[in-house]
Amino acid sequence: MGLAERDGERVEAGREVERIADVLARIRFELEEIAGRIDRNQAAIARSTWAVGVCDADYVRAMQDADLSAQRIAGVAGFLRALGEAAQPHWRIDTARAVGTLKLAGLVRTIGTPGPAIDAADEDAPGDVDLF
């Protein structure tokens, strides 16, 4: 199957072949959102539990681990930002196979190939929660 041009984008077998910088930017944004959620959740949990948990070494380690996780995720996001800025405009990639591995509709919407809206419940909406 050959390649064709459409609106400056190459298309192969009906699939978009998009700029790598755009893909990296979407992933970076999602990672920044995740890091922010971890920080907000950790702060909310700490406000509610710190007085009791501060004497528990496992609790303190878990809180420190959550903080480190947010920092590491933010660091990876910064790394992706730098890669995106260094990417040449002509570098393109077909993300169809990678998008097919995503299990959450919210991730398909945020980092998947831009396109028609997906009919699925939004993970950010209140709903059932699995408690552990």
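Refer to the structure above for everything that follows.
Residues numbered from 1 in each chain as written. Predicted model: local features only at pLDDT ≥ 70, side-chain atom pairs only at ≥ 80, totals over all residues. Heavy atoms only, no water.

1. As for the overall build of the chain
- Helix and strand content of the chain: four helices and four strands.
- Reading the secondary structure of the chain in the N-to-C direction produces β-β-β-α-α-β-α-α.
- Sequence separation of 24 or more characterises 56% of the internal contacts of the chain that already satisfy a separation of 6 or more. (Helix = DSSP H or I, 4+ residues; strand = E, 2+ residues; numbered from the N terminus. Contact = heavy atoms within 4.5 Å.)

2. Examining helix α1 (residues 20-53)
- Along α1, the helix axis deviates most sharply at R47, where the bend reaches about 50°.
- Buried residues of α1: A21, V23, L24, R26, R28, E30, L31, A35, G36, Q42, A46 and G53, and no others. (Bend = angle between axes of the 7 residues up to and from the residue. Buried < 20%, exposed > 50% of the residue type's maximum accessible area, 1.4 Å probe, protein only.)

3. Examining the pattern of salt bridges
- Within this structure, the stated rule accounts for five salt bridges.
- Of the charged contacts in the structure, one is a salt bridge between R81 and E32, with a shortest N-O distance of 2.9 Å. Residue R81 is located in helix α2 (residues 57-86), and its partner E32 is located in helix α1; the two are separated by 49 residues in the primary sequence.
- On the accessibility criterion, R81 (39% relative accessible area) is partly exposed.
- With relative accessibility at 30%, the residue E32 sits in the partly exposed group.
- Several salt bridges share partner residues, and in doing so they unite R28, E32 and R81 into one network. (Salt bridge = Lys/Arg side-chain N within 4 Å of Asp/Glu carboxyl O.)

4. Side note on the packing of aromatic side chains
- Counted under the stated rule, the structure contains one aromatic pair.
- Taking 5.7 Å as the distance between ring centres and 50° as the angle between the ring planes, the aromatic pair formed by W50 and Y59 counts as tilted. (Phe/Tyr/Trp six-rings, centres within 6.5 Å; stacked < 30°, edge-to-face > 60°.)

5. Considerations on the side chain of T95
- Along the polypeptide, T95 turns up in the loop between β4 (92-93) and α3 (96-100).
- Engagement of the side chain of T95 in a polar contact is seen with the side chain of E18, the distance being 3.2 Å.
- Contacts of T95, omitting those with residues within four sequence positions, involve E18, V23 and T113. (Polar contact = N/O pair within 3.5 Å; in protein donor to acceptor, adjacent residues only side chain to side chain.)

6. Quick word on the packing of α1 against α2
- Where α1 contacts α2, the axes come no closer than 8 Å and their chain directions differ by 165°. The angle between α1 and α2 falls in the class roughly antiparallel. In this structure, α1 crosses over α2, and the sense of that crossing is left-handed.
- In terms of residue class, the contact of α1 with α2 is made up of 21 nonpolar, six polar and five charged. (Axes fitted to C-alpha atoms, helices over the stretch in contact; angles between N-to-C directions. Parallel < 35°, antiparallel > 145°, perpendicular 65-115°, else oblique. Left-handed = near helix turned anticlockwise from the far one by under 90°. Nonpolar A, V, L, I, M, F, W, Y, C, P; charged D, E, K, R; others polar.)

7. Points about the environment of R19
- Relative to the assigned elements, R19 resides in strand β3 (residues 15-19).
- Residues R19 and G84 lie 65 residues apart in sequence; the distance between their C-alpha atoms is 9.5 Å.
- A distance of 3.0 Å separates the side chain of R19 from the side chain of D22, its partner in a polar contact.

8. A closer look at the environment of A86
- Relative to the assigned elements, A86 resides in helix α2.
- Placed 65 residues apart in sequence, A86 and A21 show a C-alpha to C-alpha distance of 8.3 Å.

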